[in-house]
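Each chain, letter by letter, is given below.
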Amino acid sequence: MRDDNCIFCKIANGEIPTNAIYEDDGYKVILDMGPATRGHALILPKEHYKNIYEMPADKVGEAFALAKVMADRMTKKLNADGFNIVQNNNEIAGQTVFHFHIHLIPRYEGDGQVIGWKPCDSSPEELASLKELLI
Ligand code: 5GP
Ligand code: ZN
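What this report covers is the structure whose coordinates are included nearby. Residue indices follow the written sequence of each chain, beginning from 1 at its first position. To label them, take the chains in the order written and letter them from A, then take the ligands in the order written and number them from 1. Two thresholds apply to this predicted model, a pLDDT of at least 70 for residue-level local features and 80 or more for giving and counting side-chain atom pairs, whereas whole-chain, interface and lining totals are computed over all residues. Hydrogens and water are ignored here; the side-chain numbers use all heavy atoms of the structure.

Overview of helix α2 (residues 57–78)
Alright, step 1. Where helices and strands are cited, they refer to DSSP runs of H or I of at least four residues and of E of at least two residues respectively, numbered from the N terminus. To estimate how far a helix should reach, multiply one less than its number of residues by 1.5 Å. When the terminal C-alpha atoms of α2 are compared, their 31 Å separation across 22 residues agrees well with the 32 Å that a helix rising 1.5 Å per residue should span.
Alright, step 2. Buried residues along α2 sit in contact with β1 (20–23), β2 (27–31), β3 (41–45), β4 (82–86) and β5 (102–107).
Alright, step 3. Once α2 finishes, Asn-79 follows within two positions and takes phi at roughly 55 degrees, a positive value. Contacts were defined at the residue level, with two residues in contact if any of their heavy atoms lie within 4.5 Å.

Rendered as structure tokens:
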């Protein structure tokens, strides 16, 4: 299914030209137009899913299996020193385009990028109660 108002649907299905570095029946991998680092790419499913919650688990698995293949290939070809795989869901988590996508971000010594979070305090009691909630 596609969403006529979605830019990533248009890109993934070839209605808008892009720099694709991989394509198969289900996915297109494109270069991000605002790259965090050299080679930053996005895995786009051709079908429209707003986020991970809307996407069936087998498709999510497929997309992450592709992320593994791309991470190997991009790390080698770009001579990267490491790799971040990032996937944002909903505005609070940094999602700005509401079509599921996986960021592939090659990392280089001294690239100066910060991708992460600020660790907060926690207590053994809090962690134990969270474990009970989430198990
Ligand atoms: P999000 O913040 O939703 O996780 O990531 C959206 C990403 O898509 C951003 O890194 C942004 O630079 C990229 N992006 C947004 N629009 C376009 C576009 O039209 N073409 C390309 N190649 N990348 C885009
Ligand atoms: Zn879409």
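Things to note about the coordination of the zinc ion (ligand 2)
Alright, step 1. Each metal site is built from N, O and S donor atoms within 2.8 Å (3.2 Å for Na, K and Ca), and since water is not included, such sites may look incomplete. With distances of 2.0 to 2.3 Å, the protein atoms coordinating the zinc ion (ligand 2) are Cys-6 (SG), Cys-9 (SG), His-48 (ND1) and His-99 (ND1).
Alright, step 2. For a four-donor site, all angles between 85 and 135 degrees give tetrahedral; for four or six donors, opposite pairs above 155 degrees with the remaining angles between 65 and 115 give square planar or octahedral; all remaining cases count as irregular. What the 4 donor atoms of the zinc ion (ligand 2) show is an angle range of 104 to 117 degrees at the metal, which sorts the shape as tetrahedral.
Alright, step 3. Sequence positions of the residues that donate to the zinc ion (ligand 2) give the spacing C-x2-C-x38-H-x50-H. Of the two residues, Cys-9 is situated in helix α1 (residues 7–12) and His-99 in the loop between β4 and β5; the sequence distance between them amounts to 90 residues. With respect to burial, Cys-9 and His-99 carry one shared label: buried. Throughout, exposure labels follow a simple rule: accessible area from a 1.4 Å probe, protein chains only, divided by the maximum for the residue type, with under 20% read as buried, over 50% as exposed, and the rest as partly exposed.

Digging into unusual backbone geometry
Alright, step 1. Even without glycine at this site, Asn-79 takes up a positive phi of about 55 degrees.
Alright, step 2. Here Asn-79 lies in the loop between α2 and β4.
Alright, step 3. The phi dihedral of Asn-90 falls on the positive side, at around 80 degrees, and the residue is not glycine.
Alright, step 4. With respect to the helices and strands, Asn-90 occurs in the loop between β4 and β5.
Alright, step 5. Classification of Asn-90 by relative accessible area gives partly exposed; the value is 30%.

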